[in-house]
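Examination of the molecular architecture
Letter by letter, the chains look like this.
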Protein chains: 2
Amino acid sequence: MLSIGSLSKRTGVKVPTIRYYEQMGLLKAAERSEGNQRRYERSDLERLAFIRHARDLGLDIPAIRELIRLSEHSQQPCADADRIAAEHLAAVREKIVRLRKLEQELDRIVSHCDGGHSIEECYVIRALSDHGLCESEH
Amino acid sequence: MLSIGSLSKRTGVKVPTIRYYEQMGLLKAAERSEGNQRRYERSDLERLAFIRHARDLGLDIPAIRELIRLSEHSQQPCADADRIAAEHLAAVREKIVRLRKLEQELDRIVSHCDGGHSIEECYVIRALSDHGLCESEH
DNA sequence: ATAATTCCTATAGTCACTAGAGCTTCAAGA
DNA sequence: TCTTGAAGCTCTAGTGACTATAGGAATTAT
Ligand SMILES: [Zn+2]
Ligand SMILES: [Zn+2]
Ligand SMILES: [Zn+2]
Ligand SMILES: [Zn+2]
């Protein structure tokens, strides 16, 4: 049986975050010691590692909750789990597209001015004042 | 003199957001009508357009506040403004790098499973359970 | 004049945590 | 066994950039 601190060290998830995941229903309410401290077993360690990895991959809490629910029905088809992952991938790709547009505009703006001007003449300030100077929507 | 609603329509910034920007010190406190409603002039329209464009480019509120402050000293050198833009560009690039790593892993994971399995065999679930199956840190 | 619309302030909610206050329990050494 | 320091507990509030709602007042249109 692990204390919350040992669980934290083994998974790299901070103690308050573990308590937060319990509150959010990702971890089941832990057993308690006589003095009301949380005690964890191996299965909790595995579940927390799952949560952590899913978070590291950018999945949000409702998605993880659903994935955990699905993972408890080992004989069901995995279409829903695959769909969640695919939708997340699509969302990541959209974010990348959007950031690449920002990157292009910002790169253009930044390279038009080298800091050696007055504010009055600064291309950064002018470009921010006027989206018409931009080359794309963003 | 424009009402907050007309200012909103002309800039595409929602009414509560305009009030929020005032609270955050991006817009100066507007003049008021006899009945205490905000009244704006052309210069407010321009400043709000600046704020909006800067937000669309991903700059955060403290950065925009600083840029506005700088833009009021038209004879000063623009090095600080250029630095703010360059730092933001660097931050955007870092985000892109991180998201590309996520994209790679997610793409690999998703393409390993086509939904035609049981949860028990599902590669999505297994990959989430074990970062060791990943090809990179992310 | 009346009705419809817009405006006002103030408060709370979003997301995934993080920080702090104030208190209790645990583990280890003397 | 006693003491001390670390770690645990609950609860509340703060983060960023808004958004939503409530309850009321002002403005505009008919
Ligand atoms: Zn410049
Ligand atoms: Zn633009
Ligand atoms: Zn699958
Ligand atoms: Zn991984």
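**With respect to the relation of the copies chain A and chain B**
- Superposing chain A onto chain B requires a rotation of 180° together with a translation of 0.0 Å along the rotation axis, leaving an RMSD of 0.1 Å. Here the symmetry operator amounts to a two-fold rotation axis. For chain A, the minimum C-alpha distance to the rotation axis belongs to I96 of chain A and amounts to 3.0 Å.
- The fraction of interface residues of chain A whose copies in chain B are also interface residues reaches 98%, indicating that both copies meet through the same surface.

**Concerning the coordination of the zinc ion (ligand 4)**
- Looking at the zinc ion (ligand 4), one finds its protein donor set to be H53 of chain A (NE2), H131 of chain B (ND1), C134 of chain B (SG) and H138 of chain B (NE2), positioned 1.9 to 2.2 Å from the metal centre.
- In this structure, the zinc ion (ligand 4) is coordinated by four donor atoms arranged in tetrahedral fashion, with angles at the metal of 104 to 115°.
- On the basis of relative accessible area, C134 of chain B is assigned to the buried category, the value being 12%.

**Some words on the packing of helix α1 (residues 4–11) of chain A against helix α2 (residues 15–23) of chain A**
Residues and elements named next belong to chain A.
- Between α1 and α2, the shortest axis-to-axis distance is 9 Å and the interhelical angle comes to 100°. Between α1 and α2, the crossing angle belongs to the class labelled roughly perpendicular. Between α1 and α2, the residues in contact are I4, G5, L7 and S8 and V15, I18 and R19, respectively.
- Here the contact of α1 with α2 is built from residues that sort into four nonpolar, two polar and one charged.

**Re the pattern of salt bridges**
- Summed over the entire model, instances satisfying the criterion amount to 20 salt bridges over all chains.
- A salt bridge links E22 of chain B to R38 of chain B; the shortest N-O distance between them is 2.8 Å. Here R38 of chain B lies in strand β2 (residues 38–39) and E22 of chain B lies in helix α2 (residues 15–23), a separation of 16 residues in the sequence.
- On the basis of relative accessibility, which here comes to 17%, the residue E22 of chain B falls in the buried class.
- With a relative accessible area of 18%, R38 of chain B lands in the buried category.
- When salt bridges that share partners are traced, they join D80, R83 and E87 of chain A into one network.

Rules behind the numbers
- Residues numbered from 1 in each chain as written.
- Chains lettered and ligands numbered in written order.
- Predicted model: local features only at pLDDT ≥ 70, side-chain atom pairs only at ≥ 80, totals over all residues.
- Heavy atoms only, no water.
- Least-squares fit on C-alpha atoms with pLDDT ≥ 70 in both.
- Contact = heavy atoms within 4.5 Å.
- Donors = N, O, S within 2.8 Å, 3.2 Å for Na, K, Ca; no water.
- Tetrahedral: all angles 85-135°; square planar, octahedral: opposite > 155°, others 65-115°.
- Buried < 20%, exposed > 50% of the residue type's maximum accessible area, 1.4 Å probe, protein only.
- Axes fitted to C-alpha atoms, helices over the stretch in contact; angles between N-to-C directions.
- Helix = DSSP H or I, 4+ residues; strand = E, 2+ residues; numbered from the N terminus.
- Parallel < 35°, antiparallel > 145°, perpendicular 65-115°, else oblique.
- Nonpolar A, V, L, I, M, F, W, Y, C, P; charged D, E, K, R; others polar.
- Salt bridge = Lys/Arg side-chain N within 4 Å of Asp/Glu carboxyl O.

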